[in-house]
Amino acid sequence: MRNVRLTIEYEGTNYAGWQWQKNAISVQETLTHAVRAVIREEVEIHGAGRTDAGVHALGQVANFKTYSAIPAKQLLRAINFHLPQDITIKDVADMEESFHARYSATSKVYRYTVLNDWLRTSLNRNFCYVYGFPLDLSKMMTAAQYLIGTHDFTSFTTKALDNKDRIRTIKNLEIQKEGKYIYFVVEANGFLYKMVRTIVGTLLEIGRGKMDVYLIRKLLETGNRDDAGPTAPAKGLCMKEVKY
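Criteria and thresholds
- Residues numbered from 1 in each chain as written.
- Predicted model: local features only at pLDDT ≥ 70, side-chain atom pairs only at ≥ 80, totals over all residues.
- Heavy atoms only, no water.
- 1 Å grid on protein atoms, 1.4 Å probe; cavity = no way out; pocket = protein on both sides within 12 Å on 5 of 7 lines; lining within 4 Å.
- Points joined across faces, edges and corners; volume = space filled by probe spheres on them.
- Helix = DSSP H or I, 4+ residues; strand = E, 2+ residues; numbered from the N terminus.
- Nonpolar A, V, L, I, M, F, W, Y, C, P; charged D, E, K, R; others polar.
- Core = buried A, V, L, I, M, F, W, Y, C linked by side-chain atoms within 4.5 Å.
- Buried < 20%, exposed > 50% of the residue type's maximum accessible area, 1.4 Å probe, protein only.
- Contact = heavy atoms within 4.5 Å.
- Axes fitted to C-alpha atoms, helices over the stretch in contact; angles between N-to-C directions.
- Parallel < 35°, antiparallel > 145°, perpendicular 65-115°, else oblique.
- Left-handed = near helix turned anticlockwise from the far one by under 90°.
- Arc of directions from axis to C-beta.
- Salt bridge = Lys/Arg side-chain N within 4 Å of Asp/Glu carboxyl O.
- Pairing = 2+ DSSP bridges.

**Structural notes on the layout of surface pockets**
Thought 1: Quantified by volume, the largest pocket comes out at close to 1200 Å³.
Thought 2: Taken together, 43 residues line the largest pocket, and the ones lying closest to its centre are G49, R50, T51, R102 and F191.
Thought 3: If you list the elements that add at least two residues to the lining of the largest pocket, you get helix 1 (27–39), strand 2 (46–47), strand 5 (107–115) and helix 4 (195–208).
Thought 4: When its residues are assigned to classes, the lining of the largest pocket shows 18 nonpolar, twelve polar and 13 charged.
Thought 5: Lining of the second largest pocket is provided by 18 residues; of these, Y10, H56, L58, F127 and C238 occupy positions nearest its centre.
Thought 6: Elements represented by at least two residues in the lining of the second largest pocket include exactly strand 1 (2–10), strand 3 (56–66), strand 5 and strand 10 (237–243).

**Re the nonpolar core**
Thought 1: Residues L6, L31, I79, F184 and L203 are the most contacted members of the largest nonpolar core, which totals 70 residues.
Thought 2: Those residues in contact with L203, other than ones at most four positions away along the chain, are M140, A143, A144, L173, I175, F184 and I216.

**Topic: the packing of helix 3 (residues 137–145) against helix 4**
Thought 1: Helix 4 packs onto helix 3 with a crossing angle of 140° between their chain directions and a minimal axis gap of 8 Å. Judged by the angle between their axes, helix 3 and helix 4 are oblique. The crossing of helix 3 and helix 4 is right-handed. Contacts from K139, M140, A143 and A144 of helix 3 reach helix 4 at L203, L204, I206 and G207.

**Observations regarding the environment of Y129**
Thought 1: The residue Y129 is located in strand 6 (residues 129–130) in this model.
Thought 2: The partly exposed category is assigned to Y129, whose relative accessible area is 22%.
Thought 3: C-alpha of Y129 to C-alpha of Y181: the two residues are 52 residues apart in sequence and 9.6 Å apart in space.
Thought 4: Leaving out residues up to four positions away in the same chain, Y129 has contacts with Y112, T113, V114, L115, L204, A232, P233 and G236.

**Here we look at helix 5 (residues 215–222)**
Thought 1: Taken residue by residue, helix 5 has L215, I216, L219 and L220 as its buried positions. Down the axis of helix 5, the buried set is contained in an arc of 140°. They therefore lie on one face.
Thought 2: Along its buried surface, helix 5 packs onto helix 3, strand 7 (149–152) and helix 4.
Thought 3: With its phi angle positive at about 70°, G223 sits one or two positions after the end of helix 5.

**Re the pattern of salt bridges**
Thought 1: Enumeration according to the criterion identifies eight salt bridges in this entry.
Thought 2: Note that D91 and R5 form a salt bridge whose closest N and O atoms lie 3.7 Å from each other. One end of the pair, D91, is in strand 4 (residues 87–95); the other, R5, is in strand 1, and 86 residues separate them in sequence.
Thought 3: Take D91: its relative accessible area is 32%, and that puts it in the partly exposed class.
Thought 4: Residue classification places R5 among the partly exposed residues on the basis of a relative accessible area of 21%.
Thought 5: The partner of R36 in a salt bridge is E42, with the nearest N and O atoms 3.2 Å apart.
Thought 6: Given the relative accessible area of 68%, E42 is considered exposed.

**Points about the pairing of strand 5**
Thought 1: For strand 5, the buried fraction is high: eight of the nine residues fall into the buried class.
Thought 2: Across six bridges, strand 5 lies against strand 10 in antiparallel orientation. Each bridged residue has a counterpart across the sheet, and for R111 the counterpart in strand 10 is C238.
Thought 3: Both strand 5 and strand 9 (residues 181–188) contribute to a ladder of eight bridges, which runs antiparallel.

As structure tokens, then:
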């Protein structure tokens, strides 16, 4: 039996997220049907991360086990043939038996894109959050540094979660500006539900001057979601890379 790794790019606009769902179309379901059509087996596909509805990916990783002997290069072409144009397999590789897309990962990198302008964009409308208020990047960068390290990120996730482990380690958090676009790039060993989007929403409020730079330290101490900023829209978020 082979263990096959897929590297996947997709636009999440038309999907209810990565994970298979009963009453909505997901990326995982669409991909599973395509793979099964090629190898003629009832395989189960495991993803590195469960992106939410409307969230995109440049480097999502998945794996499945199969008895098929179809070479990797041929699998790449054949699976893509059965996929819609908003999902593309970028690479196929044979891995050791122990490899698991989720559990073997050491970190994931997400990028959030903000268009800092009052004027909307038509061509890029599904991939960024249009935010018209003037922003102080220095304040946002200062606040972002407090998030780096191992913390309880309860303040940056939904209140509806059960009492699970909410300790995560952010390895890097960069804020980059290119013209009117601002990119938030976050690398961590794992992410809570809507964690990146809440971090971005809070940093935007700080950059706008509605929240204090040092609020971040308070949020990490108190775990009070109500004191954090709003959750930024899903369409600005993209899974950039999974590291192993």
